[in-house]
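Given next are the chains, with one letter for each unit.
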Amino acid sequence: MSAAQSSVRRGILPEPGPLRPLALATLLSRVGNGLLMTVSVLYFNRIVGLSIAQVGLGLTVAGLFGLLSAVPLGHLADRRGPRGLFVVLSLMVCGLSLLYLVVQNFWQFLIVSIVLTMIDRGAGAVRAALIAALTVGAGRVAARAYLRAVTNIGIMAGAAVGAFALHFDTATAYRVMFVLDAALSSIAAFVVLAIPRVAPHHRDDDGPVWIALRDRGYLAVAALNAGMSIHFAVLDVAIPLWVVDHTDAPRWTVALLLIINTVVVSLFQVRSSRGIADPTTAARATRTAGLLLLASMVLLAGATWGNALIAVALLAAGALVQVIAELMQSSGSFLLSFDLAPNHAQGQYQGVWNTSMSISTMIAPTVLALLPLGLGVPGWIILGVWFALTGALFVPVVRWADSRRPAPVAA
């Protein structure tokens, strides 16, 4: 194991090398993301004058269009090199985000959201291809775990700064947050230039271009991962309404559960990646995560029957078990997304993986509305059984996908 990988695993500042500027760029851009996550909906509603329904519809339509960009832009990263393309796409996102400041009606909001989301989703696939090019083997999992921890820290810091805009609640305060996000993200893009250039992969055969879309094994694992990833929305979508409408727990419990999740991920995501070194161990970790999610859903469901103290205890326990499952599933997902893909087409394959995650993000609110929020306790149990069964499928499906991986192609 290299010194850089050892530092990453300890969760401290990495040694000088490609991961250090990438970590700094991630931190800067995620602080900006935290700013917008805090203020954007209120800005469009209170300042621009859009209804909450219009904002939701616009973001949903933009998300659908965003599904179209990850694979093509990931493929372009394979052919042109991911570093330069990522910088260009990041700067485009910065510029487009400032157009929100001149939006005056729904149609303008919709157009800007569609274009911005398509480029942003593509940039995510290109970024994953860049990580794949800079790391090898288990080092990829450690690097992704480190960057995820940095992401959480950045979003927390951005949300804290965004709270000042919420306090003043003026158009100027909200707009300053958009400008600050663009500035931080622009600096982050230029920081990426400190990473050595990554050589592109050139095709040397006449085979099909879109090999990721033909790889049934990889598509199956990506689909299973999307099904498991529904749990990420439990904390944001289901918990607030469940706590307020179905338990005796005080409202501040929602914030407590969010703090538990954020702190645990920030502190232990890197450590959770240890021992996940190949598709087999990744699949087993995901299987365990599915069982933990079943236990978590049972604990969350049980909170409806106790008094305030019991409800808080069960909710906190459920959130803690869920975040442990989240750490394991995330680490397994990091490895599977890279190791089941051929190195000469990492961008294209990461585009497929990111697209599956986007689909999961889109369907999760509906699933949670129908099951735990619609059916109550039985819905929580059904959801937990879904996670357990999906996790159990990972072991045979990953074994099948690993056995039929495409042979390496020389660059």
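Nothing here was measured: the structure is a model prediction, and the numbers come from that model.

This part takes up the domain arrangement of the protein chain. Under the domain assignment used here, the protein chain contains domain 1 (18-193) and domain 2 (211-404). Measuring from the centre of the C-alpha atoms in domain 1 to the corresponding centre in domain 2 gives 23 Å. Contacts between the two partners involve 29 residues from domain 1, matched on the other side by 31 residues from domain 2. Summed over both partners, the interface of domain 1 with domain 2 comes to about 2500 Å²; 66% of that surface belongs to carbon and sulfur atoms. The tally of links between domain 1 and domain 2 comes to 1 salt bridge. Between domain 1 and domain 2 we count 10 residue pairs in polar contact (both at pLDDT 80 or more) in total. It is helix H7 (residues 138-168) that provides the largest number of residues to the side of domain 1 that touches domain 2, a total of 12 residues. Looking at the side of domain 1 that touches domain 2 residue by residue, the classes come out as 17 nonpolar, 6 polar and 6 charged.

Time to look at the pattern of salt bridges. Tallied over the entire structure, the rule returns 2 salt bridges. Residues Asp-169 and Arg-46 are paired through a salt bridge, measuring 2.5 Å at the closest nitrogen-oxygen approach. Of this pair, Asp-169 sits in the loop between H7 and helix H8 (171-191) while Arg-46 sits in helix H2 (residues 19-48), and the two are 123 residues apart along the sequence. For Asp-169, a relative accessible area of 30% gives the class partly exposed. The salt bridge involving Arg-148 is made with Glu-326; its shortest N-O contact spans 2.4 Å. Here Glu-326 lies in helix H13 (residues 308-339) and Arg-148 lies in helix H7, a separation of 178 residues in the sequence. Of the two residues, Arg-148 and Glu-326, neither departs from the other in class, the shared state being buried.

Below, the discussion takes up the packing of H13 against helix H14 (residues 346-370). When two helices pack together, their arrangement is given by the angle between the helix axes and the distance between those axes. Axis separation between H13 and H14 bottoms out at 9 Å; the angle between their running directions is 135°. The angle between H13 and H14 places the two elements in the oblique class. Contacts from Ser-333, Leu-336, Ser-337 and Phe-338 in H13 reach Gln-346, Gln-350 and Trp-353 in H14. Class assignment of the residues belonging to the contact of H13 with H14 gives a composition of 3 nonpolar, 4 polar and no charged.

This brings us to the UniProt feature "transmembrane region" (unreviewed entry) in the protein chain. UniProt tags residues 50-73, 85-103, 146-168, 174-196, 217-243, 249-270, 291-314 and 377-398 as "transmembrane region" (unreviewed entry). In the segment residues 291-314, helix accounts for 79% and strand for 0%; the C-alpha atoms at its two ends are 17 Å apart.

This brings us to helix H6 (residues 106-134). Structural remark: α-helix, 3.6 residues per turn; residues separated by three or four positions point the same way. Its 29 residues give H6 an end-to-end C-alpha distance of 41 Å, which sits within 8% of 42 Å, the value for a rise of 1.5 Å per residue. Among the residues of H6, the N-terminal cap falls to Asn-105, whose side-chain oxygen and the backbone nitrogen of Trp-107 are separated by 3.1 Å.

This paragraph deals with the nonpolar core. Formed by 116 residues in total, the largest nonpolar core has its most connected members in Phe-44, Val-221, Leu-336 and Trp-380. The biggest single contributor to this core is H6, with 13 residues. Counting residues domain by domain, this core receives three or more from each of domain 1 (18-193) and domain 2 (211-404). Excluding residues that lie within four positions of it along the chain, Phe-44 makes contacts with Gly-49, Leu-50, Val-55, Tyr-100, Phe-109 and Phe-178.

Confidence in the prediction for the protein chain averages 90 pLDDT; 93% of positions are at 70 or higher. Within the model, pLDDT remains below 50 along residues 1-11, and this stretch shows 25 contacts once partners closer than five positions in the same chain are excluded.

Residues Asp-169 and Val-39, spaced 130 residues apart in sequence, show a C-alpha to C-alpha distance of 9.4 Å. Side chain to side chain, Asp-169 and Arg-46 meet in a polar contact 2.5 Å long.

Moving on, we get to the environment of Leu-258. The residue Leu-258 is located in helix H11 (residues 253-272) in this model. For the pair Leu-258 and Ala-77, spaced 181 residues apart in sequence, the C-alpha to C-alpha distance is 35 Å.

Once that is clear, we can look at the environment of His-246. Within the secondary structure layout, His-246 lies in helix H10 (residues 234-246). Residue class for His-246 comes out partly exposed when judged on its relative accessible area of 31%. In this structure, the C-alpha to C-alpha distance between His-246 and Ala-289, residues 43 residues apart in sequence, is 26 Å. Not counting residues within four places of it along the chain, the set of residues in contact with His-246 comprises Leu-241 and Thr-304.

A contiguous nonpolar patch, built from Leu-24, Leu-27, Ile-153 and Met-156 and spanning about 310 Å² of accessible area, is present on the exposed surface. Contributing elements (two or more residues each) for the nonpolar patch: H2 and H7. The exposure class of Met-156 is partly exposed, given its relative accessible area of 37%.

What counts, and where the lines are drawn
Numbers given to residues run from 1 along each chain, matching the order in which its sequence is written. The predicted nature of this model means local features are confined to residues of pLDDT at least 70 and side-chain atom pairs, given and counted, to a pLDDT of 80 or more, with totals for whole chains, interfaces and linings taken over all residues. Side-chain numbers come from the whole structure's heavy atoms, not from hydrogens or water. Residue ranges assigned to each domain were obtained from an automatic or database domain assignment. Residue contacts follow a heavy-atom distance rule, with two residues in contact if any of their heavy atoms lie within 4.5 Å. When two components associate, each loses some accessible surface as probed by a 1.4 Å sphere; the sum of these losses over both components is called the buried area. One speaks of a salt bridge when a side-chain nitrogen belonging to Lys or Arg is within 4 Å of a carboxyl oxygen belonging to Asp or Glu. Polar contact criterion, stated in full: a pair of N or O atoms within 3.5 Å, where within protein one must be able to donate a hydrogen and the other to accept it, and residues adjacent in sequence count only if both atoms are side-chain atoms. Secondary structure elements follow DSSP: runs of H or I no shorter than four residues count as helices, runs of E no shorter than two count as strands, and numbering proceeds from the N terminus. Amino acids outside the nonpolar list (Ala, Val, Leu, Ile, Met, Phe, Trp, Tyr, Cys, Pro) and the charged list (Asp, Glu, Lys, Arg) are all regarded as polar, and Gly is one of them. Each residue gets one of three labels from its accessible area relative to the maximum for its type: buried under 20%, exposed over 50%, partly exposed in between, using a 1.4 Å probe on protein chains only. Lines fitted to C-alpha atoms define the axes, with helix axes restricted to the stretch in contact, and inter-axis angles between N-to-C directions lie between 0 and 180 degrees. If an angle is under 35 degrees, it is roughly parallel; if it is over 145, roughly antiparallel; if it lies from 65 to 115, roughly perpendicular; otherwise it is oblique. UniProt positions are given in the numbering used here, feature names are shortened, and annotations may be inferred rather than shown by experiment. A helix is expected to reach a length of 1.5 Å times the quantity of its residues less one. To form a nonpolar core, buried Ala, Val, Leu, Ile, Met, Phe, Trp, Tyr and Cys residues must be joined to one another through side-chain atoms within 4.5 Å. pLDDT measures the predictor's confidence residue by residue and takes values from 0 up to 100. A residue counts toward a patch only above 30% relative accessible area and without a salt bridge, and it is joined to like-charged neighbours within 9 Å or, for Val, Leu, Ile, Met, Phe, Trp and Tyr, to nonpolar neighbours within 5 Å. For the accessible areas, the method is Shrake-Rupley and the probe is 1.4 Å, while residue cover comes only from the protein chains on display.

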